Amino acid sequence: MILAAEKDQEICITGRHIGPNFIQHTPHDTQPDFGSMHWGHAVSEDLVHWGELPPAIPPGEGGAIFSGSTVVDKNNTSGFFSEEGSGLVAIYTNEGNVAKPGKPQVQSIAYSRDKGRTWIKYEGNPVLFPTKTLDFRDPKVFWYEESSMWVMVLAVRDRVDFYTSSNLKECSFASDFGSDIPGIHRGIFECPEVFKIQVDEDPNITKWVLMLSVGDRNGVNPNDSEPPAGGSGMMYFIGNFDGKVFTRDETLESFDTIKWIDYGSDFYAAVTWDGIPKEDGRKIWVGWMNNWRYASTLPSKEWRGHMSIPREIQLKTYPEGIRLIQVPIRELSQLRRPIMSLQDLTIKPGSNRLI
């Protein structure tokens, strides 16, 4: 999959282990053009081999199409699927919206009755406006079974806001997280997510994990701790979530106790696939292979902003506590070939024995 993508979107596996991947996409240019941002679209049956489809959601009067997520509305809570019974609903940030002066970033929705091939924007958009901040984006939505409600996790500059909804059209504020935690505000928050996962692969022991992507020196305290490789990066918190409030297990004693996702420079804005069958049991995500420190100045064209390989997320117990680890998904093993052994060869100019 070669796209002029900016950041990956929520990915939703439906049926036959098929993974639609919606990405911020500039389809007509190799340079970032935020004003004409679309949702690009690609699908896969193994999360390794991808086929690119036409852009899913274009910009329009509501503004450019920024990050967001898709959900399978299997109970038709939205009312969009009265005949078909269920379908996909996309929840995304409109940038440059003019419905209310001074509030350019709003949340909107669209729905699809044909597995994401075509989309209809909801006529009642936007469905959620900010209160104060201009940074109000990247909604990740999931179904919280215990309360039979949708939960939206939203990046709001120096905090994460939680909203609940019964129908994806009307949202109620539930709580916020992060504004009072020292040392984590070097950059603005982006692409947050919260999910439940087993500890040590034990189905009887689970924890909730809150993920944050943090920008590069554009936050409320640019002198706060920098990611290990510099620039932008991802951090995580382990705790519990009751459908409205996330409570972390540990306090941050110093900058050194921040839990970073990746110690390389090019893994950002990762989000997980929802709907993986329970018998599979894995939590898998993909990230944006880039860094805000140099994202706009990369000399490459076709490969600007491509995606990482999919990674499985696990929680493991170590002497120092529970930690998040990542491993390449097992589907990548199909790309392996027998080991080639070359001996006593004379290499001549212009020859290549490796292909």
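Structure report, in brief. (Residues numbered from 1 in each chain as written. Predicted model: local features only at pLDDT ≥ 70, side-chain atom pairs only at ≥ 80, totals over all residues. Heavy atoms only, no water.)

Within the protein, the secondary structure is distributed over 0 helices and 20 strands. Against the compact-globule benchmark of 20 Å for 355 residues, the protein has a radius of gyration of 21 Å, which places it among compact chains. Referenced to the eigenvectors of the C-alpha coordinate spread, the extents of the protein come out at roughly 70 × 50 × 45 Å. Burial status across the protein gives 51% buried among its 355 residues. Contacts spanning at least 24 positions in sequence make up 56% of the contacts within the protein whose residues lie at least 6 apart. Per element, the accessible surface of the protein, about 16900 Å² overall, is 50% carbon and sulfur. Seen as two clouds, the 36 positive and the 47 negative side-chain charges of the protein have centres 2 Å apart. (Helix = DSSP H or I, 4+ residues; strand = E, 2+ residues; numbered from the N terminus. Rg over C-alpha atoms; globule rule 2.2 N^0.38 Å. Buried < 20%, exposed > 50% of the residue type's maximum accessible area, 1.4 Å probe, protein only. Contact = heavy atoms within 4.5 Å. Areas by Shrake-Rupley, 256 points an atom, 1.4 Å probe, with all protein chains shown as cover. Lys, Arg positive; Asp, Glu negative; His and termini not counted. Charge placed at Lys NZ, Arg CZ, Asp CG, Glu CD.)

Here the focus is the sheet that holds strand β6 (residues 88–95). Spatial ordering of the open sheet is given by β5-β6-β7-β8, a layout of 4 strands whose pairing is antiparallel. Pairing within the sheet leaves two strands with one partner each, and these edge strands are β5 (64–72) and β8 (120–121). (Pairing = 2+ DSSP bridges.)

Time to look at the pairing of strand β3 (residues 38–43). Counting buried residues along β3, 6 of its 6 residues qualify, which places the element largely inside the surrounding structure. Of the two faces of β3, the one holding H38, G40 and A42 and the one holding W39, H41 and V43 are both buried throughout. Here strand β2 (residues 21–25) pairs with β3 via 5 bridges, running antiparallel. Note that in β3 the partner of N21 across the bridge is A42. Pairing between β3 and strand β4 (residues 51–57): 4 bridges, direction antiparallel.

This paragraph deals with a nonpolar patch on the surface. On the surface, M340, L342, L345 and I347 cluster together into a nonpolar patch covering about 400 Å² of accessible area. Residue position: M340 is located in the segment after β20 (321–328). According to the relative accessible area criterion, M340 is exposed, its value standing at 52%. (Patch = residues over 30% accessible without salt bridge, like charges linked within 9 Å, V, L, I, M, F, W, Y side chains within 5 Å. Salt bridge = Lys/Arg side-chain N within 4 Å of Asp/Glu carboxyl O.)

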